[in-house]
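# Secondary and tertiary structure notes
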Amino acid sequence: MTSKINPSEGTVAEYVTAMIGGQLFGLPISRVQDVFMPERLTRVPLSPAEIAGVLNLRGRIVTVVDMRARLGLPKNDDGKPPMAVGVDLRGESYGLLIDQIGEVLRLPDNGREDNPVNLDPRMAKLAGGVHRLDGQLMVVLDVDRVLEIVPDMLAA
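Residues numbered from 1 in each chain as written. Predicted model: local features only at pLDDT ≥ 70, side-chain atom pairs only at ≥ 80, totals over all residues. Heavy atoms only, no water.

## Focus: the nonpolar core
The nonpolar side chains of a soluble globular protein tend to be buried with one another. Ranked by size, the top nonpolar core spans 27 residues in total, and within it Leu27, Met67, Leu96 and Leu147 carry the most contacts. For this core, the secondary structure elements donating two or more residues are strand S1 (12–20), strand S2 (23–28), strand S6 (83–89), strand S7 (92–98), strand S10 (127–133), strand S11 (136–141) and helix H3 (143–155). Ranked by the residues each element gives to this core, the list is headed by S6, at four residues. Beyond its immediate sequence surroundings of up to four residues, Leu96 is in contact with Leu27, Val65, Met67, Met83, Ala84, Val85, Val87, Val146 and Leu147. (Core = buried A, V, L, I, M, F, W, Y, C linked by side-chain atoms within 4.5 Å. Buried < 20%, exposed > 50% of the residue type's maximum accessible area, 1.4 Å probe, protein only. Helix = DSSP H or I, 4+ residues; strand = E, 2+ residues; numbered from the N terminus. Contact = heavy atoms within 4.5 Å.)

This is the structure in C-alpha coordinates:
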(Lines give C-alpha, C1' and ligand atoms only; values in the text may rest on other atoms or scores of the structure.)
Protein backbone atom coordinates (compact mmCIF):
# COMPACT_ATOMS: atom_id res chain seq x y z
CA MET A 1 0.00 0.00 0.00
CA THR A 2 1.44 3.36 -1.00
CA SER A 3 0.42 6.90 -0.31
CA LYS A 4 1.72 10.07 -1.91
CA ILE A 5 1.90 12.08 1.29
CA ASN A 6 1.63 10.58 4.74
CA PRO A 7 0.08 13.19 7.08
CA SER A 8 2.36 12.09 9.89
CA GLU A 9 5.35 13.08 7.75
CA GLY A 10 4.22 16.71 7.68
CA THR A 11 2.33 19.04 5.44
CA VAL A 12 2.95 19.98 1.85
CA ALA A 13 3.74 23.53 0.72
CA GLU A 14 3.13 24.86 -2.78
CA TYR A 15 5.54 27.28 -4.40
CA VAL A 16 5.43 29.34 -7.58
CA THR A 17 8.94 29.08 -8.99
CA ALA A 18 10.82 31.94 -10.60
CA MET A 19 14.27 32.44 -12.09
CA ILE A 20 16.24 35.54 -11.11
CA GLY A 21 19.81 35.82 -12.35
CA GLY A 22 20.04 32.10 -13.07
CA GLN A 23 18.96 31.13 -9.53
CA LEU A 24 15.73 29.24 -8.84
CA PHE A 25 13.46 30.86 -6.25
CA GLY A 26 10.18 29.71 -4.77
CA LEU A 27 7.40 31.99 -3.58
CA PRO A 28 4.74 30.51 -1.29
CA ILE A 29 1.66 30.19 -3.50
CA SER A 30 -0.52 31.56 -0.70
CA ARG A 31 1.27 34.93 -1.11
CA VAL A 32 1.03 35.12 -4.92
CA GLN A 33 -1.91 37.13 -6.23
CA ASP A 34 -1.12 36.96 -9.96
CA VAL A 35 1.59 36.77 -12.59
CA PHE A 36 1.77 39.42 -15.30
CA MET A 37 3.96 41.14 -17.85
CA PRO A 38 4.54 44.71 -16.67
CA GLU A 39 3.62 47.30 -19.26
CA ARG A 40 3.86 51.09 -19.11
CA LEU A 41 6.01 51.18 -16.01
CA THR A 42 6.28 54.72 -14.66
CA ARG A 43 9.56 55.55 -12.94
CA VAL A 44 9.21 57.23 -9.54
CA PRO A 45 11.50 60.28 -9.22
CA LEU A 46 14.16 60.03 -6.49
CA SER A 47 13.20 56.43 -5.68
CA PRO A 48 15.91 53.87 -4.92
CA ALA A 49 17.16 51.61 -7.73
CA GLU A 50 15.22 48.72 -6.20
CA ILE A 51 11.93 50.41 -7.11
CA ALA A 52 11.48 49.86 -10.84
CA GLY A 53 8.39 52.10 -10.85
CA VAL A 54 4.63 51.95 -10.53
CA LEU A 55 1.91 50.74 -12.86
CA ASN A 56 -1.84 50.43 -13.05
CA LEU A 57 -2.92 46.81 -12.84
CA ARG A 58 -6.67 46.37 -13.25
CA GLY A 59 -7.37 49.65 -11.49
CA ARG A 60 -4.84 49.24 -8.67
CA ILE A 61 -1.59 51.15 -8.38
CA VAL A 62 1.18 48.58 -8.00
CA THR A 63 4.71 49.35 -6.79
CA VAL A 64 7.14 47.25 -8.81
CA VAL A 65 10.29 45.99 -7.06
CA ASP A 66 13.24 45.02 -9.27
CA MET A 67 14.33 41.71 -7.72
CA ARG A 68 17.68 41.82 -9.53
CA ALA A 69 18.47 45.17 -7.88
CA ARG A 70 17.06 43.89 -4.56
CA LEU A 71 19.47 40.94 -4.72
CA GLY A 72 22.41 43.08 -5.83
CA LEU A 73 22.56 41.44 -9.27
CA PRO A 74 23.40 43.21 -12.55
CA LYS A 75 20.61 44.26 -14.91
CA ASN A 76 19.33 41.59 -17.28
CA ASP A 77 20.60 42.17 -20.79
CA ASP A 78 19.29 39.07 -22.59
CA GLY A 79 16.62 41.11 -24.38
CA LYS A 80 13.70 39.08 -22.99
CA PRO A 81 10.88 41.08 -21.39
CA PRO A 82 10.69 40.65 -17.61
CA MET A 83 7.77 39.06 -15.82
CA ALA A 84 6.25 40.12 -12.52
CA VAL A 85 4.67 38.25 -9.64
CA GLY A 86 1.92 40.18 -7.84
CA VAL A 87 1.92 40.05 -4.04
CA ASP A 88 0.18 41.99 -1.28
CA LEU A 89 1.56 43.27 1.99
CA ARG A 90 -0.73 44.97 4.51
CA GLY A 91 -3.25 45.89 1.81
CA GLU A 92 -0.67 47.37 -0.59
CA SER A 93 -0.03 45.76 -3.97
CA TYR A 94 3.47 45.02 -5.18
CA GLY A 95 4.94 43.41 -8.26
CA LEU A 96 8.21 41.53 -7.98
CA LEU A 97 10.12 41.88 -11.26
CA ILE A 98 11.67 38.52 -12.19
CA ASP A 99 13.45 37.07 -15.23
CA GLN A 100 11.19 34.10 -15.84
CA ILE A 101 8.24 32.37 -14.21
CA GLY A 102 8.37 28.63 -13.68
CA GLU A 103 5.91 26.03 -12.54
CA VAL A 104 4.09 25.34 -9.30
CA LEU A 105 5.89 22.81 -7.11
CA ARG A 106 4.37 20.84 -4.25
CA LEU A 107 7.11 20.06 -1.75
CA PRO A 108 6.97 18.52 1.73
CA ASP A 109 7.49 21.05 4.51
CA ASN A 110 9.88 18.70 6.25
CA GLY A 111 12.15 18.90 3.17
CA ARG A 112 12.70 22.60 3.73
CA GLU A 113 16.05 23.39 5.35
CA ASP A 114 17.45 26.46 7.05
CA ASN A 115 19.60 28.73 4.93
CA PRO A 116 23.01 27.10 4.37
CA VAL A 117 25.92 29.04 5.88
CA ASN A 118 27.47 29.43 2.43
CA LEU A 119 24.34 30.96 0.85
CA ASP A 120 25.09 34.34 -0.71
CA PRO A 121 24.35 36.92 2.04
CA ARG A 122 22.24 38.98 -0.40
CA MET A 123 19.97 35.96 -0.88
CA ALA A 124 20.13 34.83 2.74
CA LYS A 125 18.61 38.07 4.05
CA LEU A 126 15.54 37.51 1.83
CA ALA A 127 15.29 33.74 2.16
CA GLY A 128 13.11 31.72 4.46
CA GLY A 129 14.96 28.47 3.83
CA VAL A 130 15.88 26.26 0.90
CA HIS A 131 14.74 23.06 -0.78
CA ARG A 132 17.30 20.77 -2.38
CA LEU A 133 15.91 19.62 -5.71
CA ASP A 134 17.46 17.38 -8.36
CA GLY A 135 20.63 19.20 -9.34
CA GLN A 136 19.71 22.62 -7.95
CA LEU A 137 18.85 24.57 -4.86
CA MET A 138 15.51 26.40 -4.66
CA VAL A 139 15.71 29.43 -2.38
CA VAL A 140 12.36 30.10 -0.68
CA LEU A 141 11.68 33.84 -0.78
CA ASP A 142 10.20 35.36 2.36
CA VAL A 143 7.85 37.94 0.82
CA ASP A 144 7.72 39.99 4.04
CA ARG A 145 11.52 40.26 4.10
CA VAL A 146 11.63 41.15 0.41
CA LEU A 147 9.21 44.02 0.95
CA GLU A 148 10.13 45.17 4.47
CA ILE A 149 12.79 47.55 3.17
CA VAL A 150 10.44 49.25 0.71
CA PRO A 151 8.60 51.54 3.19
CA ASP A 152 11.93 52.48 4.81
CA MET A 153 13.42 53.34 1.42
CA LEU A 154 10.41 55.38 0.37
CA ALA A 155 10.48 57.36 3.62
CA ALA A 156 14.18 58.23 3.23
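## Here we look at the sheet that holds S10
The strand order across the open sheet formed by six strands is S8-S1-S2-S11-S10-S9, and the pairing between neighbours is mixed. One side of each edge strand has no neighbouring strand; the edge strands of this open sheet are strand S8 (100–108) and strand S9 (112–113). Looking at chain direction, S1 and S8 are connected through seven bridges and run antiparallel. Each residue of the ladder has a partner; that of Val12, found in S8, is Pro108. (Pairing = 2+ DSSP bridges.)

## Points about the pattern of salt bridges
Summed over all chains, the structure comprises nine salt bridges. A salt bridge links Glu50 to Arg70; its shortest N-O distance comes to 3.8 Å. Note that Glu50 is positioned in the loop between strand S3 (32–36) and strand S4 (51–57) and Arg70 in helix H1 (residues 67–70), a separation of 20 residues in sequence. Ionic pairing is found between Asp99 and Arg68, a salt bridge with its closest N-O pair at 2.9 Å. Remark: Arg68 occurs in helix H1 and Asp99 occurs in the loop between S7 and S8; sequence separation between them is 31 residues. Both residues of the pair, Asp99 and Arg68, belong to the buried class. (Salt bridge = Lys/Arg side-chain N within 4 Å of Asp/Glu carboxyl O.)

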